[in-house]
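Given next are the chains, with one letter for each unit.
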Amino acid sequence: MGARVVYVHGNGNKVRESLLKSRWDTALFGVGLGGASHMAYWAPLRYPALLPDAGPDPLDGEAGEAGEVVAFEESPAPGAAADESSEEFAVRVFAEARGEAAADPAEGVAQADGPAEAALGNWLRDMAYLADALAEGGAEGEMSPEAVPRQRIARTPLFRLLVEHTFKDVYAYFFGGAGPAMRDVVRSAFDAAFDAARDDEPDPGPLVVIGHNLGSVIAYEVLREQERAADLFVTVGSPLAVTEIQNVLAAPPAVPTGVAAWHNASDPRDLVALDHTLRPEYAPARLVFDHLVHNGSRNHHGIRGYLGTAAVRNPVRLLFGRLATEQTE
């Protein structure tokens, strides 16, 4: 094809690397890309035992390859109390991420070593509040009046899984010492993409970088640090527009040097992407395009739900050209 894609997956445990890459390829292009795509696979740094091949990815709100649906209704998220309030939940997750006992909820989540950690805790609390609102069904009904909201008992465990694991991995990246190793994985994926291009083509063609959730943050920081040339940077379900995340980035927000265009897609019900507009904060604004999309996964955050939207597919297909378009239609 003369083009390359580097994927950077998001929070939580994942299936083995080759299967995960194949699923992203298929969701985006309808076919496997072989050596034209590369997965920055950092999950083993946080999760020693991988998800089984045939199982779903509960954190992404996805069904498995066979299309089975996880019965979250039957059991709550690990450690979650059925009558736990949003603030109690946020306080507990924040304390667990720091390896401490939970604080008194009346004291809030801002019980941290510094203002950056405290702010991250506030972002967690906002995520938890939105999760409760979605569990009640109001926000989904507003966006899709024809949709029948799920009952709270069915949705709360799913959202708690997303909030809890997302926050803990983000905390580990910024404050738990996991950041350097995660960035090394992304650098290695970039190197592999460039090495493969040099071996196969005198003109390596365009490079697309796609990051989901925390993966979008890691990809952004590596692109910013290394000034890699990327024809298209795509972020989906990203917290990069959230002020608390911007405050803990290694450098002030800006479009990475070498990125020709940046497309950011988010679902209004996505707990992680609480702010949906990157353009006002990341200069030059003319290179940034924000898209509100419909992600039909059960928690509105699943990667395949994002990769299937026109806002994500179309700019990638334009770079990959006619062959990629024909293979996916």
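An account of the accompanying structure is given in this report. (Residues numbered from 1 in each chain as written. Predicted model: local features only at pLDDT ≥ 70, side-chain atom pairs only at ≥ 80, totals over all residues. Heavy atoms only, no water.)

1. Considerations on the overall build of the protein chain
Part 1: Of regular secondary structure, the protein chain possesses ten helices and six strands.
Part 2: Looking at the protein chain residue by residue over its 329 residues, the buried ones come to 55%.
Part 3: Within the protein chain, contacts between residues separated by at least 24 positions form 75% of all contacts whose residues are at least 6 apart in sequence.
Part 4: Element-wise, carbon and sulfur atoms account for 53% of the exposed surface of the protein chain, whose accessible area totals about 13,100 Å². (Helix = DSSP H or I, 4+ residues; strand = E, 2+ residues; numbered from the N terminus. Buried < 20%, exposed > 50% of the residue type's maximum accessible area, 1.4 Å probe, protein only. Contact = heavy atoms within 4.5 Å. Areas by Shrake-Rupley, 256 points an atom, 1.4 Å probe, with all protein chains shown as cover.)

2. Focus on the environment of F233
Part 1: Tracing the chain through its elements places F233 in strand β4 (residues 232–236).
Part 2: Owing to a relative accessible area of 0%, F233 belongs among the buried residues under this scheme.
Part 3: Sequence separation of F233 and N264 is 31 residues, and the distance between their C-alpha atoms is 8.3 Å.
Part 4: Not counting residues up to four positions away in its chain, the partners in contact with F233 are V209, S216, A219, Y220, L223, V259, A261, W262 and H263.

3. Looking at the pairing of β4
Part 1: The buried fraction of β4 amounts to five of the five residues, a majority that puts the element mostly inside the structure.
Part 2: Side chains of β4 alternate between two faces, with L232, V234 and V236 and F233 and T235 buried alike.
Part 3: Bridge count between strand β3 (residues 207–212) and β4: five bridges; the pairing is parallel. Its bridge partner lying in β4, I210 is registered against V234.
Part 4: After leaving β3, the chain enters helix α7 (residues 214–226) and then returns to the sheet as β4, a path that is right-handed. (Pairing = 2+ DSSP bridges. Right-handed = clockwise from strand over helix to strand, strands pointing away.)

4. Things to note about the side chain of D57
Part 1: Its place among the elements puts D57 in the loop between β2 (37–40) and α2 (86–97).
Part 2: A polar contact is formed between the side chain of D57 and the side chain of K14, at a distance of 3.0 Å. (Polar contact = N/O pair within 3.5 Å; in protein donor to acceptor, adjacent residues only side chain to side chain.)

5. Overview of the sheet that holds strand β6 (residues 288–292)
Part 1: Strand order in this open sheet of six strands is β2-β1-β3-β4-β5-β6, and the pairing throughout is parallel. The open sheet has two free edges, formed respectively by β2 and β6, since each of these has just one partner strand. Going from strand to strand, the sheet's axes swing by 15 degrees on average, the running direction of each strand aside.
Part 2: Across the sheet, α7 is in contact with β1 (4–8), β3, β4 and β5 (262–266); its angle to β3 comes to roughly 135 degrees. (Axes fitted to C-alpha atoms, helices over the stretch in contact; angles between N-to-C directions.)

6. Overview of unusual backbone geometry
Part 1: The omega torsion across A283 and P284 is 0 degrees, close enough to zero to call that bond cis.
Part 2: Looking at the secondary structure, you find P284 in the loop between β5 and β6.
Part 3: With phi around 55 degrees, E227 is a residue other than glycine that occupies positive phi space.
Part 4: One can find E227 in the loop between α7 and β4.
Part 5: Positive phi values are uncommon outside glycine, yet H300 reaches one of about 65 degrees.
Part 6: Along the chain, H300 turns up in the loop between β6 and α9 (303–307).

7. Comments concerning the nonpolar core
Soluble globular proteins: nonpolar side chains tend toward being buried together.
Part 1: Grouped together as the largest cluster of nonpolar side chains are 57 residues, with contacts concentrated most on W123, I245, W262 and Y282.
Part 2: When contributions to this core are tallied by element, the ones reaching two or more residues are β1, α2, α3 (115–136), α5 (152–174), α6 (179–200), β3 and α7.
Part 3: Here this core gets nine residues from one element, more than from any other, and that element is α5.
Part 4: Every residue in contact with W123, bar those within four places of it in the chain, is listed here: T166, F167, V170, P239, V242, E244, I245, V272 and L274. (Core = buried A, V, L, I, M, F, W, Y, C linked by side-chain atoms within 4.5 Å.)

8. Focus: the pairing of β2
Part 1: By the alternation rule, side chains of β2 split into S37 and M39 and H38 and A40, which are all buried.
Part 2: In the classification by handedness, the crossover that spans β1, the intervening helix α1 (residues 17–29) and the parallel β2 is right-handed.

9. Digging into the pattern of salt bridges
Part 1: With the rule as written, the count across this model stands at 16 salt bridges.
Part 2: Between E87 and R125 there is a salt bridge, with its nearest N and O atoms 3.5 Å apart. Separated by 38 residues along the polypeptide, E87 in helix α2 and R125 in helix α3 bring together distant segments of the chain.
Part 3: Residues joined by salt bridges that share partners form a network here, namely R92, E96, E164 and K168. (Salt bridge = Lys/Arg side-chain N within 4 Å of Asp/Glu carboxyl O.)

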